[in-house]
Amino acid sequence: MNKRTQPKCFLLDWDGSDAKVAEGCIISSDPGELVNDFRLGPTDVKVLIDTAIEPEAFLWRPAANMFTIEKAVGHMIAWPAAMCVSLEEDLQQEDIAGHVKFIIQSHSHI
């Protein structure tokens, strides 16, 4: 998989605090795609976790032996799309500070 073609993103804690808990790449928004043996669903995205920012933050949809962000590094997880901040390649992190954006383009068949 070529991660360069995948949109980079930050995952915000699903507890409502808006804290950044991880950095990764959006892989798919196809509701029928399987993630850890469950369908993704219409309001979720499939994300490959690259970096844990808050290692002890709980996963939104835990899997066998994977309950925290730290355990999800290097794995695919499902995350609520509304809690995923997608970054365009030409934006610098400081350019988006304080702004929550959700940008998903058609990645259904990646």
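That block above? That's the structure.
Before going further, it helps to spend a moment on the packing of aromatic side chains. The geometry of two aromatic rings is summed up by the distance between their centres and the angle between their planes. In total, this model carries zero aromatic pairs according to the counting rule given. The ring of F10 has K20 lying over it, and the distance from NZ or CZ to the ring centre is 4.2 Å.

Overall, antiparallel pairing links the five strands, which are arranged β8-β5-β2-β1-β9 in an open sheet. Of all strands in the sheet, those with a lone pairing partner are β8 (76-80) and β9 (84-87), marking the two edges. Looking at each pair of strands side by side, their axes are set apart by 45° on average, direction ignored.

In this structure, L11, I77 and W79 are the most contacted members of the largest nonpolar core, which totals 23 residues. Put simply, the parts of the chain that give this core at least two residues each are β1 (8-12), β2 (20-28), β5 (44-52), β6 (58-63), α1 (69-72), β8 and β9. Tallying contributions element by element places β1 first for this core, with four residues. Sequence-distant contacts of L11, that is, excluding residues within four places in its chain, are made with A19, K20, V21, A22, V47, I49, I77, W79, M83 and C84.

Taken together, the side chains of W14, F58 and F67 make up a nonpolar region of the molecular surface, amounting to roughly 350 Å² of accessible area. The exposure class of F67 is partly exposed, given its relative accessible area of 47%.

What follows covers the pairing of β1. Counting buried positions along β1 gives four out of five residues, so the element sits mostly inside the fold. In terms of strand pairing, β1 meets β9 through four bridges, oriented antiparallel. Bridge assignment links F10 to a residue of β9, and that residue is V85.

Each value, and the rule that gives it
- Residues numbered from 1 in each chain as written.
- Predicted model: local features only at pLDDT ≥ 70, side-chain atom pairs only at ≥ 80, totals over all residues.
- Heavy atoms only, no water.
- Phe/Tyr/Trp six-rings, centres within 6.5 Å; stacked < 30°, edge-to-face > 60°.
- Lys NZ or Arg CZ within 6 Å of the ring centre and 35° of its normal.
- Pairing = 2+ DSSP bridges.
- Helix = DSSP H or I, 4+ residues; strand = E, 2+ residues; numbered from the N terminus.
- Axes fitted to C-alpha atoms, helices over the stretch in contact; angles between N-to-C directions.
- Core = buried A, V, L, I, M, F, W, Y, C linked by side-chain atoms within 4.5 Å.
- Buried < 20%, exposed > 50% of the residue type's maximum accessible area, 1.4 Å probe, protein only.
- Contact = heavy atoms within 4.5 Å.
- Patch = residues over 30% accessible without salt bridge, like charges linked within 9 Å, V, L, I, M, F, W, Y side chains within 5 Å.
- Areas by Shrake-Rupley, 256 points an atom, 1.4 Å probe, with all protein chains shown as cover.
- Salt bridge = Lys/Arg side-chain N within 4 Å of Asp/Glu carboxyl O.

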